[in-house]
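Letter by letter, the chains look like this.
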Amino acid sequence: MGQLLDWDSSGLCPNTSKYEVHKGHMIAARYGIGNAKRVKDTFTLTNVVPQERDFNSNRWMRAEGSLIQWAKNCQNIAPTATIEARIYIVVGVIPTSFYGTSKTKFFGSAGFGNFQGDSKIFSGFGYRILVPEIMWTAACCMYTDNTVAGTYAFWRHNHPSIAQVIYHTNNQSAVTDMFNSIQTEITATVPGATFSRPNVFPNQPNCN
């Protein structure tokens, strides 16, 4: 983590001198607690996503904790002692190029996550660290008898604000509800915009 620098070489970003940016996890390390290899496997470059400090270490961390508790509860309510719960978790981002204009959001001179154009130093290259606009998590609990116990999902904008994480906890439709909510948010920002909802559980269709 560190201060948010102005890549135009004019110092710290205006009005943002104390922003800290984390090399956050997409799949949280704590999801693998109890299995050292699974925890270690989350510390890879392909699992890194730039996250604003308070987003990563406050609201998003609490949301991850709520998912862990939900998973434990799913095991606790298994029909019999011989049936185990299997938890499937998918985490994704929506890039900023989807929002507003054709220009993506980067760390740059105008502040955290503002739309940026080409670099003033290297013409045509632009800024290099993309900030995802939205992060989302979808989870499904299945029992070893192949019945779906329930689904759980949440999402939030990845920027410094007091915005809360949006939770979807309906056991039968949480994943669908989450993507409908994100679609509503996108349409409110860019009228007429749509996106293709991902099939996040291709091998467990009852989880979608």
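No experiment lies behind these values; they were computed from the predicted model shown.

K.L.:
How do you make sense of helix 2 (residues 53–76) when you look at a structure like this?
P.N.:
Residue pairs spaced three or four apart in an α-helix point in one direction, given the helix's 3.6 residues per turn. Taking 1.5 Å per residue, 24 residues should reach 34 Å; helix 2 reaches 34 Å between its end C-alpha atoms and fits that length. Contacts from the buried residues of helix 2 go to strand 1 (21–25), strand 2 (48–52), strand 3 (85–94), strand 4 (134–143), strand 5 (148–157) and strand 6 (166–168).

K.L.:
How should I be thinking about helix 3 (residues 174–189) in this particular structure?
P.N.:
The end-to-end C-alpha separation of helix 3 is 23 Å, in line with the 22 Å expected for 16 residues at 1.5 Å each. Of all the positions in helix 3, only Ala174, Val175, Met178, Phe179, Ile182 and Ile186 are classed as buried. Along the axis of helix 3, the buried residues cluster in a sector spanning 130°; they form a single face. Summarising the geometry of helix 3, the exposed residues directed more than 90 degrees from the buried face are Thr184 and Ala188. Contacts made by the buried residues of helix 3 are with strand 3, strand 4, strand 5 and strand 6.

K.L.:
Whenever I open this one, the confidence of the model for the protein confuses me. Can you help?
P.N.:
As a note on interpretation, predicted positions should not be read in detail where pLDDT is low. The predicted model of the protein averages 77 in pLDDT, with 73% of residues at 70 or higher. Across residues 98–102 the pLDDT falls below 50, and counting only partners more than four positions away or on other chains, this stretch makes 15 contacts in the model.

About the cut-offs
Residues numbered from 1 in each chain as written. Predicted model: local features only at pLDDT ≥ 70, side-chain atom pairs only at ≥ 80, totals over all residues. Heavy atoms only, no water. Helix = DSSP H or I, 4+ residues; strand = E, 2+ residues; numbered from the N terminus. Expected span 1.5 Å × (residues − 1). Contact = heavy atoms within 4.5 Å. Buried < 20%, exposed > 50% of the residue type's maximum accessible area, 1.4 Å probe, protein only. Arc of directions from axis to C-beta. pLDDT = per-residue confidence, 0-100.

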